[in-house]
Amino acid sequence: MKKRAKRYTAADIMSKHVICVMKDADLRDLGKLFLSKGITGAPVIDKDGDICGVVSQTDLLFYQLTRDDELVVPSDFYQAARVEGRPIATGFQIEDVNTATVEEVMTPVVHAVLASTPVAAVAKMMTQRHIHRVIVRRGMKVAGIISALDVLRVFGG
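The notes below deal with the structure included here. (Residues numbered from 1 in each chain as written. Predicted model: local features only at pLDDT ≥ 70, side-chain atom pairs only at ≥ 80, totals over all residues. Heavy atoms only, no water.)

Packing of helix H2 (residues 27-37) against helix H3 (residues 57-66) brings their axes to within 11 Å, and their N-to-C directions diverge by 135°. It follows that H2 is oblique to H3 by the angle criterion. Seen along the crossing, H2 lies across H3 with a hand that is left-handed. Between H2, through Leu-27, Leu-30, Gly-31 and Phe-34, and H3, the contact on the second element is made entirely by Gln-57, Leu-60 and Tyr-63. In the contact of H2 with H3, the residues fall into five nonpolar, two polar and no charged. (Axes fitted to C-alpha atoms, helices over the stretch in contact; angles between N-to-C directions. Helix = DSSP H or I, 4+ residues; strand = E, 2+ residues; numbered from the N terminus. Parallel < 35°, antiparallel > 145°, perpendicular 65-115°, else oblique. Left-handed = near helix turned anticlockwise from the far one by under 90°. Contact = heavy atoms within 4.5 Å. Nonpolar A, V, L, I, M, F, W, Y, C, P; charged D, E, K, R; others polar.)

Our next topic: the pairing of strand E10 (residues 141-147). Inspection of the sheet shows strand E9 (residues 133-138) paired to E10 by six bridges, in the antiparallel sense. Looking at the pairing, Val-136 lines up with Gly-144 of E10. Linking two consecutive strands that pair antiparallel, namely E9 and E10, is a turn of two residues; a positive phi of about 65° is found at Gly-139 within it. (Pairing = 2+ DSSP bridges.)

With that out of the way, let us pick up unusual backbone geometry. One non-glycine residue, His-130, lies in positive phi territory at about 55°. If you trace the backbone, His-130 turns up in the loop between helix H6 (119-129) and E9.

Here we take up the sheet that holds strand E1 (residues 21-22). Across the sheet, which stays open at both edges, the three strands sit in the order E1-E2-E3 with mixed pairing between neighbours. Only two strands of the sheet have a single neighbouring strand rather than two, namely E1 and strand E3 (51-56). Where E1 and strand E2 (residues 41-45) come together, two bridges link them in parallel fashion. Counted as the bridge partner of Met-22 is Ile-45 from E2.

Before going further, it helps to examine the pattern of salt bridges. Evaluation of the coordinates by the stated rule reveals four salt bridges. Asp-50 is the partner of Lys-141 in a salt bridge, and the nearest nitrogen-oxygen pair spans 2.6 Å. Of the two residues, Lys-141 is situated in strand E10 and Asp-50 in the loop between E2 and E3; the sequence distance between them amounts to 91 residues. On the basis of relative accessibility, which here comes to 36%, the residue Lys-141 falls in the partly exposed class. Accessibility expressed as a relative area gives 22% for Asp-50, which makes it partly exposed. For Asp-150, the salt bridge identified is with Arg-153, shortest N-O distance 2.8 Å. In this pair, Asp-150 and Arg-153 are both assigned in helix H7 (residues 148-156), three residues apart and thus about one turn of the helix distant. Exposure remark for Asp-150: the relative accessible area of 12% places this residue in the buried category. (Salt bridge = Lys/Arg side-chain N within 4 Å of Asp/Glu carboxyl O. Buried < 20%, exposed > 50% of the residue type's maximum accessible area, 1.4 Å probe, protein only.)

Turning our attention to H6. Given 3.6 residues per helical turn, the α-helix brings residues three or four places apart onto the same face. All of the buried residues in H6 are Val-119, Val-122, Ala-123, Met-125 and Met-126. Projected down its long axis, H6 shows its buried positions confined to an angular sector of 160°, all on one face. Residues Lys-124, Thr-127 and Gln-128 are exposed on H6 and point more than 90 degrees away from its buried face. Count one or two residues on from H6 and you reach His-130, which has phi positive near 55°. (Arc of directions from axis to C-beta.)

Before going further, it helps to examine the nonpolar core. Of all hydrophobic cores here, the largest spans 16 residues; its most connected members are Val-113, Val-122, Val-134, Val-136, Ile-146 and Val-151. Mapped by element, the contributors of at least two residues to this core are helix H1 (10-13), H6, E9, E10 and H7. Counting residues per element, this core draws most heavily on H6, which supplies five residues. With residues up to four places along the chain from it excluded, the contact list for Val-122 reads Ala-10, Val-113, Thr-117, Val-134, Ile-146 and Val-151. Core analysis: the second largest hydrophobic core is formed by 14 residues, Val-21, Leu-27, Val-44 and Met-106 among them. (Core = buried A, V, L, I, M, F, W, Y, C linked by side-chain atoms within 4.5 Å.)

Printed below as a string of structure tokens:
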């Protein structure tokens with residue numbers, strides 16, 4: 001006999017093998033991880049393994065679309081350098097694309113529940129807060145993750 005949806009808990013539907021990212025990870029590495037693992041977000045942890053945020057593809061996209069971090073670097077190098085035999089124009093700009101970390105773009109608010117939380121409460125949280133994933137925690141450590149699809153599987157049969 002199947003459990004009724006109201007009796008399922010977070011522990012029943014969570015994914016236990018959670019891909020977490022370190023808060024000091026490089027954004028290029030984060031993008032590669034999302035693509036290679038086919039995920040759209042992940043919990044962020046600190047050096048002690050404690051949850052400190054969540055990062056998603058939306059966070060990455062927002063960062064890429066809103067940043068304005070071109071650097072103008074004065075240097076004698078640019079006076080002597082040549083491109084196709086011509087001097088480089090004054091104000092040559094270098095875009096530093098590899099300096100941001102996960103901590104700079106993550107959402108520092110963690111929507112988390114305990115393993116014993118009823119799935120109905122998880123669904124309500126996701127709906128009210130407009131979120132796609134909820135972290136299941138044990139203390140300050142990640143015990144699992146629940147996606148919107150995990151919740152739909154319960155209520156959709």
